[in-house]
Amino acid sequence: MKILNLIKLAIRALQRNKLRALLTMLGIIIGVASVITMMSIGEGSKQSINASLASMGSNMITIQPYSNEPGGARIMGSSLKTLTIRDVEAIQKNAPDVALISPLASSGGQSINGANNWPTTIQGVSPDYLEIRKVVVKEGIMFSDQEVRSFAKVCLLGKTVVDNLFPNGDDPIGKVIRFGKTPFQVIGVLVPKGTSNFGQDQDDIIIAPYTTVQKRIQSTIYFGSIYASAITESASDAAVTQISAILRDTHHLRDNQDNDFQVRTQAELMTMMNSTSSMMTALLTAVASISLLIGGIGIMNIMYVSVTERTREIGLRMSIGARGIDILLQFLIEAVMISITGGVIGVLLGITAAIVIPSMLNWPTVISESSIVISFMVCAITGIFFGYYPALKASRLDPIEALHYE
């Protein structure tokens, strides 16, 4: 029997049970829509992270405290005390491929302006920090190296801090605020940067000289991290090598001792973040794919029901000359049509969800053509895989027994 005739028979069979066919498709529809949506969110997140890191400069280098404990535990973070101003000065003096460098000493606390207060973070840095991290002053000025050396109590505010400490729209420049018990004169306001890819408000920040933060707030000589910038992107690896050698020397580490610091380039951060994003996307896609499996089982179940209901029809067709392969193809085509139709609807729903999500949840999404192609392939394979056995069972029915089936 011609394939075209078999397709027509399959369409008529599905039309006789429209509701049942639609309910059977639901698993496929939900599965395909979920897979496309999850892959779109994952790809959007990856591209957004890359864009965010690239905006900080491709030649940025991050230095953080690091400890490899005897028991195998690795500790990294600002709570470790290994980085000091001596390290910064040694890198400035002896690393020819490092163009800019700034320590970072940060502390959380309450900022206060009259009756207004706001919990935020103060970051102690040097003037080079703005260029390294691509931070721009919107109004006012950045503090100078002289103000860093003199422990000046001056600061720059992010937009979130300004909005909460000066809710009436007053100009903050020249005003004196307090962070904890320490007064600071506001000399500048930063250009808003918005929310980061990790949901952090990048404008909820106060920037001040690192010497002031260390002496008057933290009472410590250690830094949570150090930011540097290579002279060019191609010089980043050489700069990392120089920094590592200098820090091992200033920390008096022997050849058999591990580093008590970690140096990373922007490229390494991108690779690490992309790897994490890809893993999360794969996990979410795998979870969403469970719906496809459930949809496939639904197809197999309904095809078994269909074969049972149409046993006499199968016997009649066989008695007038239909071959086993014709019966098999008829039921297999029905299963594939259910799967493909559900796939088309699922793709449309997935694309719609990927378009709507950014406006509703502010999550970046990128619709991937590969996800659509893969979804169609999976739908076809699902229809064939789960529809084959019921179709095979139908094709092996004995015509005489089928005609006498009640």
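Residues numbered from 1 in each chain as written. Predicted model: local features only at pLDDT ≥ 70, side-chain atom pairs only at ≥ 80, totals over all residues. Heavy atoms only, no water.

1. Notes on the overall build of the protein chain
Note the threshold: The secondary structure listing takes helices from DSSP runs of H or I that are at least 4 residues long and strands from runs of E that are at least 2 residues long, numbered from the N terminus. Computation of the radius of gyration draws on C-alpha atoms alone. For the globule rule, the value is 2.2 Å times the number of residues to the power 0.38. Burial status follows relative accessibility: with a 1.4 Å probe on protein chains alone, a residue under 20% of its type maximum counts as buried, one over 50% as exposed, and anything between as partly exposed. Every residue pair with non-hydrogen atoms within 4.5 Å of one another is taken to be in contact. Residue-level accessible areas treat just the shown protein chains as cover; the underlying method is Shrake-Rupley with a 1.4 Å probe.
Each helix and strand counted, the protein chain has 13 helices and 13 strands in total. Radius of gyration (C-alpha) of the protein chain: 33 Å, far over the 22 Å computed for a compact globule of 406 residues. Taken over the C-alpha atoms alone, the protein chain extends approximately 105 × 60 × 35 Å along its principal axes. Within the protein chain, the proportion of its 406 residues that are buried is 45%. The long-range share in the protein chain, meaning contacts at least 24 apart out of those at least 6 apart in sequence, stands at 77%. In the form shown here, the protein chain has an accessible surface area of approximately 20,600 Å², with 59% of it arising from carbon and sulfur atoms.

2. Remarks on a nonpolar patch on the surface
Test applied: Candidates for patches are residues over 30% relative accessible area with no salt bridge; among them, like charges are joined within 9 Å and nonpolar side chains (Val, Leu, Ile, Met, Phe, Trp, Tyr) within 5 Å. A pairing counts as a salt bridge when a side-chain nitrogen of Lys or Arg comes within 4 Å of a carboxyl oxygen of Asp or Glu.
A surface patch of nonpolar side chains, amounting to about 590 Å² of accessible area, comprises Ile355, Val356, Met360, Leu361, Trp363 and Ile367. Assignment of secondary structure puts tryptophan 363 in the loop between helix H11 (324–361) and helix H12 (369–395). The class for tryptophan 363 is partly exposed, based on a relative accessible area of 44%.

3. A word on the pairing of strand S7 (residues 154–157)
We apply this condition: Strands pair, by our definition, only if DSSP identifies at least two bridges between them.
Covered by surrounding structure in S7 are Val154 and Leu156 together with Cys155 and Leu157, the residues of both alternating faces. As paired strands, S7 and strand S9 (residues 182–190) are joined by four bridges and run parallel to one another. Within the sheet, the bridge partner assigned to leucine 156 lies in S9 and is glycine 188. By the bridge criterion, two bridges tie S7 to strand S10 (residues 206–209) in an arrangement that is antiparallel. Across the sheet, the residue bridging to leucine 156 is isoleucine 207, located in S10.

4. Overview of the domain arrangement of the protein chain
Threshold: Each domain's limits were defined by an automated method or a database of domain assignments.
Along its sequence, the protein chain is carved into domain 1 (3–52 + 274–403) and domain 2 (67–259). The centre of domain 1, based on its C-alpha atoms, is set 54 Å off from the matching centre of domain 2.

5. Description of the packing of H11 against H12
Quick reminder of the rule: Fitted lines through C-alpha atoms serve as axes, helices being fitted only where they are in contact, and the angles separating the N-to-C directions of these axes extend from 0 to 180 degrees. For classification purposes, an angle smaller than 35 degrees is called roughly parallel, one larger than 145 roughly antiparallel, one from 65 to 115 roughly perpendicular, and anything else oblique. Note: crossing handedness is left-handed where the near helix turns anticlockwise from the far helix by less than a right angle, and right-handed where it turns clockwise. All residues other than Ala, Val, Leu, Ile, Met, Phe, Trp, Tyr, Cys, Pro, Asp, Glu, Lys and Arg, Gly among them, are scored as polar; the first ten of these are nonpolar and the last four charged.
Put simply, H11 and H12 touch, their axes get as near as 7 Å, and they point 150° apart. Taken together, the axes of H11 and H12 are roughly antiparallel relative to one another. Two packed elements cross with a definite hand, and for H11 against H12 that hand is right-handed. Of the residues contributing to the contact of H11 with H12, the split by class is 19 nonpolar, eight polar and no charged.

6. Side note on the nonpolar core
Just so we agree on the cut-off: Each nonpolar core is a collection of buried residues, namely Ala, Val, Leu, Ile, Met, Phe, Trp, Tyr and Cys, held together in the definition by side-chain atoms within 4.5 Å.
With 56 residues, the main nonpolar core has Ile91, Phe143, Leu157, Ile177 and Ile207 as its most contacted residues. Dropping the residues within four chain positions of it, isoleucine 91 is found in contact with Ile63, Val98, Ile101, Ile243, Ile246 and Leu247.

7. A word on the packing of aromatic side chains
Each aromatic ring pair is specified by the distance between its two centres and by the angle formed by the two planes. For clarity, the threshold we go by: Here a pair means two rings of Phe, Tyr or Trp (six-membered ring of Trp) with centres within 6.5 Å. Their orientation is stacked below 30 degrees between planes, edge-to-face above 60, and tilted elsewhere.
Scanning the entire structure with this criterion turns up four aromatic pairs. With centroids separated by 6.0 Å and ring planes inclined at 70°, the aromatic side chains of tyrosine 129 and tyrosine 227 adopt a geometry described as edge-to-face. Of the two residues, tyrosine 129 sits in helix H4 (residues 128–132) while tyrosine 227 sits in strand S12 (residues 225–230), which places them 98 residues apart along the sequence. For the pair shown, tyrosine 129 and tyrosine 227 are each scored as buried. Ring centres of phenylalanine 385 and phenylalanine 386 lie 5.0 Å apart, and the angle between their planes is 85°; this geometry places the pair in the edge-to-face category. On the basis of relative accessible area, phenylalanine 385 is assigned to the exposed category, the value being 57%. Of the residues examined, phenylalanine 386 reaches a relative accessible area of 11% and is grouped as buried.

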